[in-house]
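Chain by chain, the residues:
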Amino acid sequence: MSRPIRVPPEFCIPERPRPQETAGLIRSVDPDSWGARVGIRPGDLLLRVNGHPVEDIIDVQFYAAEDRVVMEVWRDGRLLRLGGPREEGEPLGLTFAHPTFDIDIRRCNNLCPFCFVLQTPKGMRRTLYVKDDDYRYSFLYGHFVTLTNLTERDWRRIVEQRLSPLYISVHATDPEVRRRALRNPRAPDIMAQLRWLAEHGIEMHTQIVVTPGLNDGEILERSVFDLAALWPHVRSVSVVPVGVTRFQRYGVRPNTREEARRVLRAVHAWQRAFRRQLGVGFVYATDEWYLSLGRPVPSKRAYDGLQLQENGLGMVRDFLEDYRRVKRLLDRRRPRDLAGRRATLVTATLFAPVLERVVQDFNRRAGTALEVVSVVNTRLGETITVAGLLMAEDVIAQLRPRPLGELVVLPRIMFDHPDGISLDDRTPWDIAKALGRPVALARTMREVLGLLNGRGRERFDPDAERFLNSG
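Before going into details, it helps to say that this report is about the structure given with it.

Rules and cut-offs
- Residues numbered from 1 in each chain as written.
- Predicted model: local features only at pLDDT ≥ 70, side-chain atom pairs only at ≥ 80, totals over all residues.
- Heavy atoms only, no water.
- Pairing = 2+ DSSP bridges.
- Helix = DSSP H or I, 4+ residues; strand = E, 2+ residues; numbered from the N terminus.
- Axes fitted to C-alpha atoms, helices over the stretch in contact; angles between N-to-C directions.
- Contact = heavy atoms within 4.5 Å.
- Core = buried A, V, L, I, M, F, W, Y, C linked by side-chain atoms within 4.5 Å.
- Buried < 20%, exposed > 50% of the residue type's maximum accessible area, 1.4 Å probe, protein only.
- Polar contact = N/O pair within 3.5 Å; in protein donor to acceptor, adjacent residues only side chain to side chain.
- Parallel < 35°, antiparallel > 145°, perpendicular 65-115°, else oblique.
- Nonpolar A, V, L, I, M, F, W, Y, C, P; charged D, E, K, R; others polar.
- Phe/Tyr/Trp six-rings, centres within 6.5 Å; stacked < 30°, edge-to-face > 60°.
- Right-handed = clockwise from strand over helix to strand, strands pointing away.

1. Thoughts on the sheet that holds strand S9 (residues 234-241)
Here is step 1: Strands sit in the order S7-S8-S9-S10 across an open sheet of four strands; the sheet is parallel. Each edge of the sheet is formed by a strand with only one pairing partner; in this case those strands are strand S7 (166-169) and strand S10 (283-285). For this sheet, the mean inter-axis angle between neighbouring strands, taken without regard to orientation, is 25°.
Here is step 2: Examined bridge by bridge, S7 and strand S8 (residues 204-210) share four bridges and lie parallel to one another. What sits directly across from Leu166, in S8, is Met204.
Here is step 3: Here helix H7 (residues 217-228) sits on the sheet and contacts S8, S9 and S10; the angle it forms with S8, its principal contact strand, is near 180°.

This is the structure we're talking about:
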């Protein structure tokens, strides 16, 4: 019999009221899946799996990990029990309208002075004003959370359902410094929480947002080495520069170039020490540090196989590695039909120098006349330099006076939202109509090559009803 899980009470907030029963709305069912085989349909409301009520897709996956699965669904006013044997590895094939069936994402109870939500003006995408801090999204999608809003039941569930790895915003391991960083005097001791998770076999990736005068210098060094003491349960530390919009109200400022140099030198020194001690770099500077200083990003090997691109770690290296393959393709089969083709590639100011160098090489090899346009973020301020935070209105205003190619290619990350909308609540189709040019989305030069060859995933035409999918 397993030991009961004891959760230190100082980790926990009071239990929140929960609905008696939640239901997951099934949006689609893969025709070649277990769900289709047992008769589950789109529009069904899933209530229980093998007799267990389910609150989210994590519960569904956990309770359905059996040789025989029975699901109770509500359909057309009737409760149905559908199920049967499930082969090992057989997909359930169910897509839900929302990953959490209560839809109430866990809200953040901190007031970090560098919080992006607190630096956002009115009139933006509605979800930007939601301060989410949900451990379920950490497990499912790699969102970083603070562990300051968990109940005793949440902590137990993390262990019982093996919700590993988790992605955790640490900022500082010194309890008082961290409380200042979170502006939360009740924040528990993060090292005690991480040790507890490690003792229960949970792996973690952590991040530190470096804010000048708050958690840099000796505080940063102590934090990194405290976290390294928990390796291999703590797998990594991502060191992230603070982002500051022009609407910042708490006296936070960006890192200066000299401060950025010091951080990068320190990270490289710590990596050398950890490689000797642990066999991995353990602490990693995100791409923004290198790009802001005009330095080459690390090699693929330097990331030790980590997949933390969503946190800005290794995205540029992935782009460059993809382009190496494109170069080999172009050198092997120089495409004659691309000669003279013109397109406008849009990015933000941080990545523009890298993209311009790549595009110059691409034009030379393919005979194309692609042009890079670097768009300044006037809405949030010029200190916001990443493509994922570009505004559609800035793109329209800064491209409209320019001669444009036959196609405008936008960074796909600009519309990294389930509804395909930008931060200022606009679609690629809105941009196409405003510019009078077809618009397409791309993440890599391979995708750009596909667009030029008519094989893009999404092409938004100004004269079309919505968009043209070109295959």
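2. Some thoughts on the sheet that holds strand S11 (residues 344-348)
Here is step 1: Read across the sheet, five strands follow the order S12-S11-S13-S14-S15 without closing on themselves; strand pairing throughout is mixed. Each edge of the open sheet carries a strand with a single partner, namely strand S12 (371-375) and strand S15 (459-460).
Here is step 2: In this structure, strand S14 (residues 439-442) lies alongside S15, joined through two bridges in antiparallel fashion. Bridging from a neighbouring strand, Val439 pairs with Phe460 of S15.
Here is step 3: Docked against the sheet, helix H11 (residues 352-366) engages S11 and S12, running at close to 155° with respect to S11.

3. Details of the nonpolar core
Here is step 1: Counting 83 residues, the largest nonpolar core has Leu194, Leu197, Phe282, Phe362 and Met445 as the members making the most contacts within it.
Here is step 2: Setting aside anything within four residues of it in sequence, one finds Leu194 in contact with Leu147, Ile168, Val170, Met204, Leu227 and Leu230.
Here is step 3: Ranked by size, the runner-up nonpolar core spans 22 residues in total, among them Val375, Ala392, Val408 and Leu410.

4. Description of the side chain of Thr245
Here is step 1: Relative to the helices and strands, Thr245 is located in the loop between S9 and helix H8 (257-277).
Here is step 2: For Thr245, the side chain forms a polar contact with the main-chain nitrogen of Phe247, separated by 3.0 Å.
Here is step 3: What Thr245 contacts, discounting residues up to four positions off in sequence, is Phe116, Gln119, Leu380, Thr383 and Ile384.

5. Some points on the side chain of Glu259
Here is step 1: Considering the arrangement of structural elements, one finds Glu259 in helix H8.
Here is step 2: Looking at Glu259, its side chain comes within polar contact range of the main-chain nitrogen of Thr256, at 2.8 Å.

6. Regarding the packing of helix H10 (residues 315-332) against helix H14 (residues 445-452)
Here is step 1: Relative to each other, H10 and H14 sit at 45°, their axes nearing to 8 Å. Viewed along their axes, H10 and H14 adopt a mutual orientation that is oblique. In this structure, H10 contributes Phe319, Asp322, Tyr323, Arg325, Val326, Leu329 and Leu330 to the contact, and H14 contributes Met445, Arg446 and Leu449.
Here is step 2: Each residue belonging to the contact of H10 with H14 can be placed in one class, and the counts come to seven nonpolar, no polar and three charged.

7. Things to note about the packing of aromatic side chains
Here is step 1: Inspection of every chain in the model, using the stated rule, returns eleven aromatic pairs.
Here is step 2: A ring pair is formed by Phe144 and Tyr167, whose centres lie 5.7 Å apart and whose planes are at 80°; its orientation type is edge-to-face. You can see Phe144 sitting in the loop between helix H3 (135-141) and helix H4 (152-160) and its partner Tyr167 sitting in strand S7, a full 23 residues away along the chain.
Here is step 3: You can call Phe144 buried: its relative accessible area is 18%.
Here is step 4: Ring centres of Phe225 and Phe274 lie 5.0 Å apart, and the angle between their planes is 45°; on these two criteria the pair is classed as tilted. With Phe225 in helix H7 and Phe274 in helix H8, the pair connects residues that are 49 residues apart, well separated along the chain.
Here is step 5: Taken together, the ring pairs in this structure connect Phe225, Trp270, Phe274 and Phe282 into an aromatic cluster.

8. Things to note about helix H12 (residues 392-399)
Here is step 1: Among all positions of H12, only Ala392, Asp394, Val395, Ile396 and Leu399 are buried.
Here is step 2: In this fold, the buried residues of H12 make contact with S11, S12, strand S13 (408-411) and helix H13 (428-435).

9. A short note on the pairing of S8
Here is step 1: Most of S8 is tucked away, with seven of its seven residues classed as buried.
Here is step 2: Side chains Met204, Thr206, Ile208 and Val210 project from S8 onto one buried face, and the interleaved His205, Gln207 and Val209 project onto a second face that is buried too.
Here is step 3: Of the strand pairs in this sheet, S8 and S9 are connected by seven bridges, and their pairing is parallel. Paired with Thr206 across the strands is Val237, a residue of S9.
Here is step 4: Assessed by its sense of winding, the connection that carries the chain from S8 through H7 to S9 is right-handed.

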